2 protein chains.
Amino acid sequence: MITELKEIKKKGARCARTEEKMAYWLWYPGDFEIYHALLQNFSREERGFDWPAFWYQADCRRNVRFSREYELEKETEFTVYSHSQGYVTINGRKRLFGEKLTCGPGRVRVEIFAGRLDALPAVFVEGERICSGAGWEAWDFTGETQEAGWSARYCKKEQDPAVWEYESVRVKPVSETEKNGGILYDFGRELTAVVHLGAREASVFPLTLCYGESEAEALDTEYCYYSQTLHAPEEPVRKRAFRYVFVPGKRAGELEAEAEHFYVDIPVKADFKSKDRQLEQIWQVCEETFRLCSGVFFIDGIKRDRWIWSGDALQSYLVNFYLMFDEEINKRTILGLRGDDPVRQHINTIVDYSMYWIISLDWHYQRTGDLDFVRMTYPKAVSMMEFLEKQLDENGFLVGRPGDWIFIDWAEMDKGGPLCAEQMLLAVCYRTMEKLERLATGEAAGGYAGKAEALLEKIERFYWLEERQAYIDCFSTGKNSVTRHANIFAVFFGLVGRERAEAIYTHVLANDRVPQITTPYFKFYELEVLCRLGRLAEVLERMKAYWGAILQEDTGAVWEEYDPAQTGPERYAMYGDRYGKSLCHAWGASPIYLLGRYFMGVAGTAVADETFEVCPHPELLEPFCAAVPVKNGLVRLNSDGKTLTVCADRDGGVLRYGGVEYVLQAGREVRVEMQRPESV
Amino acid sequence: MITELKEIKKKGARCARTEEKMAYWLWYPGDFEIYHALLQNFSREERGFDWPAFWYQADCRRNVRFSREYELEKETEFTVYSHSQGYVTINGRKRLFGEKLTCGPGRVRVEIFAGRLDALPAVFVEGERICSGAGWEAWDFTGETQEAGWSARYCKKEQDPAVWEYESVRVKPVSETEKNGGILYDFGRELTAVVHLGAREASVFPLTLCYGESEAEALDTEYCYYSQTLHAPEEPVRKRAFRYVFVPGKRAGELEAEAEHFYVDIPVKADFKSKDRQLEQIWQVCEETFRLCSGVFFIDGIKRDRWIWSGDALQSYLVNFYLMFDEEINKRTILGLRGDDPVRQHINTIVDYSMYWIISLDWHYQRTGDLDFVRMTYPKAVSMMEFLEKQLDENGFLVGRPGDWIFIDWAEMDKGGPLCAEQMLLAVCYRTMEKLERLATGEAAGGYAGKAEALLEKIERFYWLEERQAYIDCFSTGKNSVTRHANIFAVFFGLVGRERAEAIYTHVLANDRVPQITTPYFKFYELEVLCRLGRLAEVLERMKAYWGAILQEDTGAVWEEYDPAQTGPERYAMYGDRYGKSLCHAWGASPIYLLGRYFMGVAGTAVADETFEVCPHPELLEPFCAAVPVKNGLVRLNSDGKTLTVCADRDGGVLRYGGVEYVLQAGREVRVEMQRPESV
């Protein structure tokens, strides 16, 4: 059931590179992502109404000029296509879209003016010599021209970059059951799909489709999250997320239902098979969950919210590198989240989420080495940083303003003043900005490094409580409240040394008097930190307990939150809604990252994984075979319980195991004897 | 022919106020105008291609929350309608659009969330107690909530504020002639219309419509500005501006053509009839021209550019007060021109046009007393002023930046450094801001008055050339070039006293060695200043000469520019295009303003014309009867060549004539003996 998704036929949405010259649709850089993020954040639905995002949602520019100059040896022909209003000029002379145009020889400047009232303005230039793609500039009539944006996905003149081209696959239900006076279809797994009905007789209409991520939800015709009543066969059915569909009042045989599942085909590079069936299944369910939540953007959940949240996305970037290593979805998500200048409010209204956005630029660069992307996004990082610095208090601490959401986590926390976790994120942002500035400008004139050090010193002074060996949430209330969050951040973001980290482990993480993390969202950070501190056995145990319990539910994906103590219908409830819980939530996929990063031990050690290391802990696991991507490569690990073989398909890696370092040459297997767990 | 337009049946697009409670569509304040300005500035067409404006064109917000609180004595029902995605909450509880909702008694907070991807988000609330209109707030999820925007034009749930509802009238051609192997239709006047064809036989297709503001243009099938080939009767014909339509290759009787003229019904309040038939006709052609160019916004010309230009609009505001006194079109134009914050570039890319925009706020307030509008626009005036002040040089003079257009006029002028005319506008802006600040905030903390005085002192020092008794264009080049423009501004904007103004008249305006003003655009300012200086006889002579010559062309409207020396087809050419000249251009309507303001002498003397004066010069004119609007009133003047009668339909006015002041009581005629021209 879970692996089925892998078998989906890839329809090859991306344009195959051929010997012929390719042309690509052009748009203003970043506007494609901004426009599609608008569509994404307006796609949420609940009980018959649409739920557009509740923040200022940017839109693309309405008019753009595209231009390029050529030195032509001879006359050449080209044609400009567009869904926009506008025209072409050749050396200033106006010409029409859609007509074959002739120019040259000599110096030729082509300008294309495109305006579109209701969607993304884009143009496509087809010609042997003059064709659209890299090298074209875009101008929005203010400031400097920019390199035009384009994507390998849009290379045919019949396309429209305002429309995302999803791949799709037809899925038949795995079962059809008469129940509660109707038919219950179980599609065997979560889908984002349109239901197609092959009614035996037209008289079957009207009928109502009741959807559910759980069987209970689908059968609850009154309270299920989505339902739709159809009056005629030709009535369009909306795309929704579900596993079950219940049609009340109908009997088996009256209808035939099929689902057309829509997805973005991002190939999975990683793999994990294990003699530990539970762990393998955890990995598979995580993969399924993560792929379902990886569409045009990383979204939080397929049923709810269907929105792009910066906090959820930050974790998805990490999982992505260990599952698909797809750079494009990272970039789309980063650009879509940020919108455009000026910064009008924090990303998703959340102060921490704005900072995650800055941090993500560095994370993306570290693994991909995409300097162009750093240069493109750096100005927006600067304006975001300026926006943040406008809300510093007299100590230089970041505080919320009216309308700001100081989030960190859905946990009880002393938020009576500047919050420690926010200051830590700010310090990481300063450090990040220092790196980005050097990369984008070659200089370090912004003084970010100094700001980071000064802030870290103040964090130490104001928030570290020596007698508790912990960072407190907040100093201004005098409550000295200790939660795990800031302490986890201190280790996760490398703000403290080994000794301090160990103290935090002992006095906070291993201290049951400090309230437990309750959300899988923050559990990601906690488990990450435990791994970092070498507590892999503990992490494995917790992972198997929590995700193993979710597996028992057999809904085919990882839930937004899971409490094994809840066994009745209340386990589907959240946010005061009886089916409010998302049963397919991206942040549940962290085992993929934890296994790849810490158990397989694969990590880049230079930008773009130019060099990388494999520091595995096979001794903690049952026999397995795994594949973990690095940039432009794949590392395969095999353990039979006695020996470990490691093989990378590219150079640059080293295997570190048992105190020995082995160079990994492309295609050459390295075999080592496994240690005993307790000796590592 | 010309007066025909007045007979057009008014369809009553505005909602009639009835005893019942009215509801109005709501939007984010200013967004209606921004969205329709986008549509307007994307509506230009030329020879088969669309020509979206070449500046950054703002769009409306994509999602808005509307809200209002009620204290309900009893239960009440209401329904929310919208073309947007979204939902309603009643005290936090989510409800659907389009359904009858019940709430109360007690305190009830209604919130409506509306998101629309491709047009203006708007909502309509229908209910006895709870209904949309004044008192509702709008929030774009950043900053403060604002009073929601609404218009008396949108008061029915079947409407969509994203669609402007034009009035229309069917117009039959006044003649149909076989010519050049085709049929030429003359509609007798300029129209903005869709051509409807009643073909006798379907076999008449395909056929081509060639449009012309002049007969020559329509007959020039190759180079006419607009043409469209139709292949079938049902093919939609685009709305275009024309007077003539030529259908090549067809014969009379094969076709029947009718035009559906679309317009915005803004009642004309002024009138002018005279024994001087030429002057009366000038007035009528100006009225026709101005009405054609007064649509959703004041546009420059109906064929070209169909764009909203701040410089053209500034003059239109003045004409408007003397023709229609329609406050709504002023406000729409002011809001549509400005777009949204942040200021990304100058309005229409022109530095002077940004300053005209600031100035227009004061002008509008002076005549209307609309303090709400000042409060609404003041923040955008502040940000515009800040934008301007970012480009001051070391002397505090305004200079252009790359991409800025320092325009003033299409004239030879020394633009080698800071331009005198621009500094004068800046000084006027400072003065305007001082007034606006007091009105909007009750304070004068911005220091604008001081800035104005300091700048005026510097203008005097750097630009006034005592030996020429004139302001020079530019001081930094050492050329000491004198043109009329800055000198006209000095008088027009009241920056100099009477004595200096007279010196300017003698040494610049009456000095033939100073190059003549060549554009009707700037001629407006020149004639205005001549009037101000009491040179009415000269103005009358020039007016009759220039506009009288245009009348001879008998195209039914005032041209963008007119040179009587041109008699061949070259007179239709402009901007290097043989039919590039607009033959119906708003700025040609200035005689309406000049006659009303100076010859009839009607002017407000307090805010909102609370008091007004009538200082007429009937002795310069042949017998006439005229009506000139003031706020909430109309002043009628009648001259039989010997006596003048003046009557206002409201109180507040005084008639000043022959050195005597007469109080104008509502409805009471005042009759005075007319002076001899030379004695006035």
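Provided above is the structure to which this section pertains.
Owing to the predicted nature of the structure, the values given are computational and were not obtained by experimental measurement.

Caption draft 1: Representation of the overall build of chain A within the structure. Within chain A, the secondary structure is distributed over 15 helices and 29 strands. Radius of gyration (C-alpha) of chain A: 27 Å, near the 26 Å computed for a compact globule of 680 residues. The principal-axis extent of the C-alpha atoms belonging to chain A is close to 75 × 70 × 60 Å. Burial status across chain A gives 61% buried among its 680 residues. Excluding contacts between residues fewer than 6 apart, the proportion of contacts in chain A whose partners are at least 24 apart in sequence is 71%. For chain A, the centre of its 83 positive side-chain charges and the centre of its 106 negative side-chain charges are spaced 2 Å apart.

Caption draft 2: Summary view of the pairing of strand β28 (residues 660–664) of chain A. Residue and element names in this part refer to chain A. As defined by bridge partners, strand β27 (residues 653–657) adjoins β28 across five bridges and the pair is classed as antiparallel. Looking at the pairing, Tyr-657 lines up with Val-660 of β28. In this antiparallel pair of consecutive strands, β27 and β28, the connection spans two residues, and Gly-658 shows a positive phi of 60°.

Caption draft 3: Representation of the side chain of Arg243(B) in the model. All names here are of chain B. When you line up the elements, Arg-243 lands in strand β17 (residues 240–248). Taking the relative accessible area as the measure of exposure, Arg-243 reaches 5% and is therefore buried. A polar contact of 3.4 Å, which involves the side chain of Arg-243, links it to the side chain of Tyr-244.

Caption draft 4: Layout of the packing of helix α5 (residues 310–323) of chain A against helix α6 (residues 327–338) of chain A. All names here are of chain A. Where α5 meets α6, the closest approach of the two axes is 10 Å, and the angle between their N-to-C directions is 165°. Relative to α6, the element α5 is oriented roughly antiparallel. The way α5 lies across α6 gives a crossing that is left-handed. From α5, Ser-310, Ala-313, Tyr-317, Asn-320 and Phe-321 reach across to α6, where they touch Ile-329, Asn-330, Thr-333, Ile-334 and Leu-337. The residue makeup of the contact of α5 with α6, split by class, is six nonpolar, four polar and no charged.

Caption draft 5: Focus on the relation of the copies chain B and chain A. In the superposition of chain B on chain A (RMSD 0.1 Å, axial shift 0.0 Å), the rotation amounts to 180°. On the angle and the small slide along the axis, the relation comes out as a two-fold axis. Proximity to the rotation axis, assessed at the C-alpha, singles out Asp118(B) in chain B; its C-alpha lies 2.2 Å from the axis. When the interface residues of chain B are mapped onto chain A, 100% of them again fall at the interface, so both copies present the same face.

Caption draft 6: Fine view of the sheet that holds strand β29 (residues 670–673) of chain B. All names here are of chain B. Strands sit in the order β19-β24-β25-β26-β29 across an open sheet of five strands; the sheet is antiparallel. Of all the strands in the sheet, just β19 (271–274) and β29 have a single pairing partner and so form its edges. This sheet shows a mean twist of 15° between the axes of neighbouring strands, independent of strand direction. Where strand β26 (residues 643–648) and β29 come together, four bridges link them in antiparallel fashion. By the bridge assignment for β29, Thr-645 is matched with Arg-671.

Caption draft 7: Examining the environment of Ala608(B) more closely. All names here are of chain B. Of note, Ala-608 is situated in the loop between β22 (602–604) and β23 (612–614). Classification of Ala-608 by relative accessible area gives buried; the value is 18%. With residues near it in sequence (within four places) discarded, Ala-608 still touches Tyr-365, Gln-366, Arg-367, Thr-368, Gly-369, Lys-631 and Arg-650.

Scoring rules and cut-offs
Residues numbered from 1 in each chain as written. Chains lettered and ligands numbered in written order. Predicted model: local features only at pLDDT ≥ 70, side-chain atom pairs only at ≥ 80, totals over all residues. Heavy atoms only, no water. Helix = DSSP H or I, 4+ residues; strand = E, 2+ residues; numbered from the N terminus. Rg over C-alpha atoms; globule rule 2.2 N^0.38 Å. Buried < 20%, exposed > 50% of the residue type's maximum accessible area, 1.4 Å probe, protein only. Contact = heavy atoms within 4.5 Å. Lys, Arg positive; Asp, Glu negative; His and termini not counted. Charge placed at Lys NZ, Arg CZ, Asp CG, Glu CD. Pairing = 2+ DSSP bridges. Polar contact = N/O pair within 3.5 Å; in protein donor to acceptor, adjacent residues only side chain to side chain. Axes fitted to C-alpha atoms, helices over the stretch in contact; angles between N-to-C directions. Parallel < 35°, antiparallel > 145°, perpendicular 65-115°, else oblique. Left-handed = near helix turned anticlockwise from the far one by under 90°. Nonpolar A, V, L, I, M, F, W, Y, C, P; charged D, E, K, R; others polar. Least-squares fit on C-alpha atoms with pLDDT ≥ 70 in both.

Function-wise, these values are silent; they only describe arrangement.
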